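Residues per chain are reported as follows:
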Amino acid sequence: MKRIVARSGPLGVIACLFAIGLAWLTLSRGALVALYWSRLHDVPDWWRVFLIGLRMDTIVLCELFAIPTLLYFLLPGTRTRRQLTLLSFAAIAALLVHMELSTPSFINEYDVRPNRIYFEYLRYPREVFGTLFKSYPVELACVFALVVALTAGFCLVAARRMANTQEWSWRARALCFPFMLAVFFIGARSTFGHRPANLSTASFSQNHLANELAVSSTYSLMNAIYRSFFEIGSEMYGRMDWPEAQRRVQRYEAPVRRHAQGDLTGSSEDRTARDKPNLVIFVAESLGAEFVGKLGGLPLTPNLDRLSDDGLWLTQLYATGTRTVRGLEAIVTGFPPTPAQSVLKRPESQRNFFTLASLLRTQGYRTEFIYGGVSNFDNMRHFFLQNGFERIIEQKDFKRPTFLGTWGVSDEDLVTKAHETFLAHGDEPFFALLLSTSNHDPFEFPEGRIQLHEEPAATRNNAVKYTDYAIGKLIELARSAPYGRDTLFLIVADHDARVFGADLVPIERFRIPALLLGPGVPRRHEDHIASQIDLAPTLLGLMGIECEHPMIGRDLLTLPDDLPGRALMQYGHTNAFRVGNSVAIHQPHQAARTYEYRNGELIPRAHDRSLEADALAHLVWADTMYRMHTYRLPKAGPRENPPQDLLSHVAVGAKH
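Notes on the structure follow. Quick caveat, the model's predicted, so the values are computed rather than measured. (Residues numbered from 1 in each chain as written. Predicted model: local features only at pLDDT ≥ 70, side-chain atom pairs only at ≥ 80, totals over all residues. Heavy atoms only, no water.)

1. A word on the overall build of the protein
- Across its full length, the protein carries 22 helices and 16 strands.
- By the compact-globule yardstick of 26 Å for 656 residues, the protein fits well, its C-alpha radius of gyration being 28 Å.
- Each principal axis of the C-alpha distribution contributes one length, and for the protein these read about 85 × 60 × 50 Å.
- Burial analysis of the protein (656 residues in total) assigns 57% to the buried set. (Helix = DSSP H or I, 4+ residues; strand = E, 2+ residues; numbered from the N terminus. Rg over C-alpha atoms; globule rule 2.2 N^0.38 Å. Buried < 20%, exposed > 50% of the residue type's maximum accessible area, 1.4 Å probe, protein only.)

2. Thoughts on the sheet that holds strand S12 (residues 566-571)
- Taken in spatial order, the five strands line up as S12-S13-S14-S15-S16 in an open sheet, and their pairing is antiparallel. With one partner strand each, in any of the chains shown, S12 and strand S16 (601-604) form the two edges of the open sheet. Direction aside, the axes of adjacent strands within the sheet are offset by 30° on average.
- Two elements, strand S15 (residues 593-598) and S16, share four bridges in a ladder whose sense is antiparallel. Its bridge partner being in S16, Tyr595 is matched across the sheet by Pro604.
- Against the sheet, helix H21 (residues 609-627) engages S12, strand S13 (574-579), strand S14 (582-586) and S15, with an angle of about 55° to S14. (Pairing = 2+ DSSP bridges. Axes fitted to C-alpha atoms, helices over the stretch in contact; angles between N-to-C directions. Contact = heavy atoms within 4.5 Å.)

3. Some details on the packing of aromatic side chains
- By the definition in use, this model includes 26 aromatic pairs.
- Taken together, a centroid distance of 5.1 Å and an interplanar angle of 70° make the contact between Phe65 and Phe89 edge-to-face. Placement of the pair is Phe65 in helix H4 (residues 48-74) and Phe89 in helix H5 (residues 79-101), with a sequence separation of 24 residues. Take Phe65 and Phe89: they sit in the same class, and that class is buried.
- Taken together, a centroid distance of 5.4 Å and an interplanar angle of 70° make the contact between Phe335 and Phe353 edge-to-face. Of the two residues, Phe335 sits in the loop between helix H15 (324-333) and helix H16 (356-362) while Phe353 sits in the loop between H15 and H16, which places them 18 residues apart along the sequence. Of the two residues, Phe335 and Phe353, neither departs from the other in class, the shared state being buried.
- Members of the aromatic cluster, each reached through a chain of ring pairs, are Phe335, Phe353, Phe354, Phe369, Tyr371, Phe383, Phe384, Phe389, Phe431, Trp621 and Tyr631. (Phe/Tyr/Trp six-rings, centres within 6.5 Å; stacked < 30°, edge-to-face > 60°.)

4. A short note on the environment of Gly600
- Relative to the helices and strands, Gly600 resides in the loop between S15 and S16.
- Residue Gly600 is classed as partly exposed on the basis of its relative accessible area of 37%.
- The spatial distance from the C-alpha of Gly600 to the C-alpha of Gln341 is 28 Å, given a sequence separation of 259 residues.

5. Side note on unusual backbone geometry
- A cis amide bond links Asp441 to the next residue, Pro442, at an omega of 20°.
- Tracing the chain through its elements places Pro442 in the loop between strand S7 (430-435) and helix H19 (460-479).
- Cis peptide bonds are those with omega within 30 degrees of zero, and the linkage from Glu455 to Pro456 qualifies with 0°.
- Mapped onto the elements, Pro456 comes out in the loop between S7 and H19.
- In this structure, Asp45 takes a positive phi of about 55° despite not being glycine.
- Along the polypeptide, Asp45 turns up in the loop between helix H3 (37-40) and H4.

6. Digging into the environment of Lys417
- By the secondary structure assignment, Lys417 is in helix H18 (residues 411-425).
- In this structure the C-alpha to C-alpha distance between Lys417 and His586, which are 169 residues apart in sequence, comes to 43 Å.
- If near-sequence neighbours (up to four positions away) are discounted, Lys417 is found in contact with Ile393, Asp397 and Phe398.

7. Observations concerning H15
- Extensive coverage of H15 is indicated by the burial of ten of its ten residues.
- Of all the positions in H15, only Thr324, Val325, Arg326, Gly327, Leu328, Glu329, Ala330, Ile331, Val332 and Thr333 are classed as buried.
- Positive backbone phi, at 70°, marks Gly334, one or two positions downstream of H15.

8. Some remarks on the side chain of Thr151
- Assignment of secondary structure puts Thr151 in helix H9 (residues 137-164).
- Residue class for Thr151 comes out buried when judged on its relative accessible area of 10%.
- A distance of 2.6 Å separates a polar side-chain atom of Thr151 from the backbone oxygen of Val147.
- Not counting residues up to four positions away in its chain, the partners in contact with Thr151 are Ala90, Ala93, Ala94 and Leu146. (Polar contact = N/O pair within 3.5 Å; in protein donor to acceptor, adjacent residues only side chain to side chain.)

9. A short note on the pairing of S12
- The buried fraction of S12 is high, at five of six residues.
- As paired strands, S12 and S13 are joined by six bridges and run antiparallel to one another. By the bridge assignment, Leu568 is partnered in S13 with Phe577.
- The loop that links S12 with its antiparallel partner S13 comprises two residues; one of these, Gly572, has a positive phi angle of about 65°.

10. Quick look at the pattern of salt bridges
- The full count for this structure, using the stated rule, is 28 salt bridges.
- One network of salt bridges, with partners in common, ties together Arg81, Arg82, Glu167 and Arg173. (Salt bridge = Lys/Arg side-chain N within 4 Å of Asp/Glu carboxyl O.)

11. A word on the pairing of S13
- For S13, a buried count of six out of six residues is recorded, marking the element as mostly surrounded by other parts of the structure.
- The alternating pattern of S13 places Thr574, Ala576 and Arg578 and Asn575, Phe577 and Val579 on opposite faces, both of which are buried.
- Summarising the sheet, S13 and S14 pair through five bridges and their orientation is antiparallel. Across the sheet, Asn575 pairs through a bridge with His586, a residue of S14.
- Taken together, S13 and the strand that follows it, S14, pair antiparallel across an intervening segment of two residues, in which Gly580 is found at a positive phi of about 60°.

By themselves these figures say nothing about function.
Structure representation (structure tokens):
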């Protein structure tokens, strides 16, 4: 046995140290589970913390071990190579040990593993370390001693393994290194699929602490640091005091409908028998107005065109962005677009961030996200489970689907699964968010469902027509089922497929269809200019739900006819704010500009200072609400006004 170990050379050394790393992280996880058992014992399948943890620990160790492996395999010589390798392993060991030992204190303070707050405090070393030394001198001394002792022990084991193993020639090590690199690459991706594992992969429970413990603190910190590079604030567009930003945003509020309990608008024959109608939102992938016949586009949506006369058809709705994650942000949370990442990915919105699901759960609704693909894409699974959604149904939950493509099961499988799920709810009110996949490159869908618009079959136009087929099937199934009479449907696109043009913001490419069907929904075409952030308030109005929430979108059914519509659009780092046909555009570190939107083009005109200030106010408002964690349900503890020190920070920038 000793001979085999010795002849394994550097491979054996790396494997041994890797195993020690896994053992340490697993032991630490076990200690944390024991420490917080009172909060975990009733979590279904709580033991998955360890299985998922093993996978996530493998990911982080593959990433961390890449550099010492590079040194150990490719540096020439023996003594210097081993010393540099040991030094790099010592740094890794100290990091892993320190992060796990500091975790209980961080959880006790913030109820999460070390995240962005952890490294942001390092910007203030005098204040932070001064506080720690005064408040926790014994704990700091113990942690320091344990980090030194355990790191030294790890290095001792590493040094002995290196000394007792057979030395390979540089040529042999160089030939083996690509193999090691491939192993680490596969281990870091943790899948052979086209989406690597990420933080969302570890989300398996509604209990946020269980999800936190499924990853190591080193992974959590590294993830927070990585995501911080994508944090962009409103200061690049200009400055504005918080009271003025609030005042300008509030100017665009619409009246709130008041209802008696269960009193919904609409004709009596359309009213639901329930006080709490169900809500189903079907988000259609990449379905721009250019593909919708009733909106002047190609004749690819016969079902949507036909259904448009059965409900509220929004003819001038504009997406807030150009990606699915941005559309979901606006539709499900009502949050305005910003130049930063969508809140589905941003670190400070991963818990207690407002969503329709979190609100409706307080009203007794079952909440679920149904998706034909893999839900860790764009961090959807993690964000949704931590912000109001009780259940995620994804590709692995579809048994024997009709069709499985690159992005997941077909859209008809999606609606069939949704129909079965809705039937199972019985009389319980539910909210379901459905996200389609078929209208996505490479445009795969089952044969024989539609009459092709063109040849070959795998084109966007044909895929749009197939998604429309699935929409027709969704409504047909609902109308034949008991839940159909009691369900409010919203069919809306996430964004257009091809957003391009000569203008700073190609506004016409942001135009998308939206249709509301169901009890209390008036049958008419709504021509007000509207934004995706207006959809959730409109739905709540139709459902007769009166409650406090942070959304600034408008209930479209309360808008006076003479009030111009409003739309917000984010295009890269350029932001457009449209009111009627006037458009204010902000670009980073440049003066705002005003345009007239005429015949599908932006025509420069004289500055409208008030409009430009209103546009900036919306950017400052969103930035501030996110940073201060105030975009949440009132019961979660929002503060009416953020502290002035942070407000001065977010307002600093070039004058507008």
